[in-house]
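# Descriptive analysis of the structure
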Amino acid sequence: SLDGSASAVRGAPDDRSPPPCGVSPGSVADLGLARFAGRKTPELAALLALCPAALVIYNEKEILYANVAACELLGAQSSWQIIGRRMLDMVEPDGQPALERRVRACEQDGRRFGPLDLPMRRLDGTRIDVECLGEPSVYLGQPVVQSVLHNIHHRKRVENGLAQSERRYRQMFLGSRSVQFLVDPQDGRIIDANPAAAAFYGYSAEQLSRLCLADLDAGRESESAAAMARARRSGAEDFEARHRLAS
């Protein structure tokens, strides 16, 4: 039903079959969401239930509402599998303190929050990374939080992969005994230098990062720049230039 009764919200047992995800776990109109429609309507509830964004409404104690998209995101066949659970219990331990602080501030001070990256657990135990945004609202005179959840699992995998690749590169670059520069091919500016380069040239890595290859030329001015230009035109992967040391 859409009468907003507490039993309907918590999914009290009766002789009916559980309803489809998000269709009737309480009156979402009473949660302040009706301001979008201007009045309480079953049509609004149906619209929220079928909204493609995952919508969850909860307080510190329990989840009160989950629409179809939220059920799919969290691996539930029915909203009744989610309603009554603590939102924090569906979040990995390392993400619980951040959410708990924001939910408390949202309920007590009316402060919205997000986006907040949360590691969550679906009902089947698999981990999923979610971006959570929270908005304060009221249900039956009590403060609640209404959140939109976005699946960012793929984005997190890409970010983690890039971070690992960067760490491997840094380890190889910094740990190499060969003199290595990272150079801007357009102007020859030294972007980075490894410890072997700093030891060989007699500059610190920070000093080298403020120089261009032309600053190290031992011959005519811009010898390195000319050599780099020839290498670019010919497609060569290396070039020769005479450099001077700091000493």
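Read on for an overview of the structure. (Residues numbered from 1 in each chain as written. Predicted model: local features only at pLDDT ≥ 70, side-chain atom pairs only at ≥ 80, totals over all residues. Heavy atoms only, no water.)

This part takes up the state of the cysteines. Any covalent bond linking the sulfur atoms of two cysteines counts as a disulfide. Counted under the stated rule, the structure contains zero disulfides. Cys 106 takes part in no disulfide bond, and the closest cysteine sulfur to it belongs to Cys 132, at a distance of 9.4 Å. (Disulfide = S-S within 2.5 Å.)

In terms of nonpolar packing, the biggest core is built from 29 residues, with Tyr 58, Ile 82, Met 87, Leu 99, Met 120 and Leu 149 touching the most fellow members. Every element with two or more residues in this core is listed here: strand E1 (54–58), strand E2 (63–66), helix H3 (68–74), helix H4 (96–109), strand E3 (113–121), strand E4 (127–139) and strand E5 (142–151). A per-element tally of this core places H3 first, with five residues. In contact with Leu 99, other than residues within four places in its own chain, are Tyr 58, Met 87, Leu 88, Val 91, Phe 113, Leu 116 and Leu 118. Counting 10 residues, the second-largest nonpolar core is a separate cluster that includes Ile 190, Ala 198, Leu 213 and Met 228. (Core = buried A, V, L, I, M, F, W, Y, C linked by side-chain atoms within 4.5 Å. Buried < 20%, exposed > 50% of the residue type's maximum accessible area, 1.4 Å probe, protein only. Helix = DSSP H or I, 4+ residues; strand = E, 2+ residues; numbered from the N terminus. Contact = heavy atoms within 4.5 Å.)

Considering the arrangement of structural elements, one finds Ser 178 in the loop between helix H5 (153–175) and strand E6 (181–183). For Ser 178, a relative accessible area of 44% translates into the label partly exposed. C-alpha of Ser 178 to C-alpha of Phe 200: the two residues are 22 residues apart in sequence and 9.6 Å apart in space.

Take the sheet that holds E3 next. The five strands lie next to each other as E2-E1-E5-E4-E3, forming an open sheet whose pairing is antiparallel. Each of the sheet's edge strands pairs with one partner strand only, and the pair in question is E2 and E3. Across the sheet, the mean angle separating the axes of adjacent strands is 30° when strand polarity is ignored. As judged from the three bridges shared by E1 and E2, these two strands associate in the antiparallel manner. Paired with Val 56 across the bridge in E2 is Ala 66. The sheet strands contacting H4 are E1, E3, E4 and E5, and the helix crosses E3 at an angle near 135°. (Pairing = 2+ DSSP bridges. Axes fitted to C-alpha atoms, helices over the stretch in contact; angles between N-to-C directions.)

We now examine the side chain of Ser 137. Here Ser 137 is to be found in strand E4. A relative accessible area of 10% means that Ser 137 is categorised as buried. Of note is the side chain of Ser 137, whose polar atom sits 3.5 Å from the side chain of Gln 146. (Polar contact = N/O pair within 3.5 Å; in protein donor to acceptor, adjacent residues only side chain to side chain.)

Note that E6 and strand E7 (residues 190–193) share three bridges and pair antiparallel. Bridged to Val 183 within E7 is Ile 190. Between E6 and E7, which follow one another and run antiparallel, lie six residues, and Gly 188 among them has a positive phi close to 75°.

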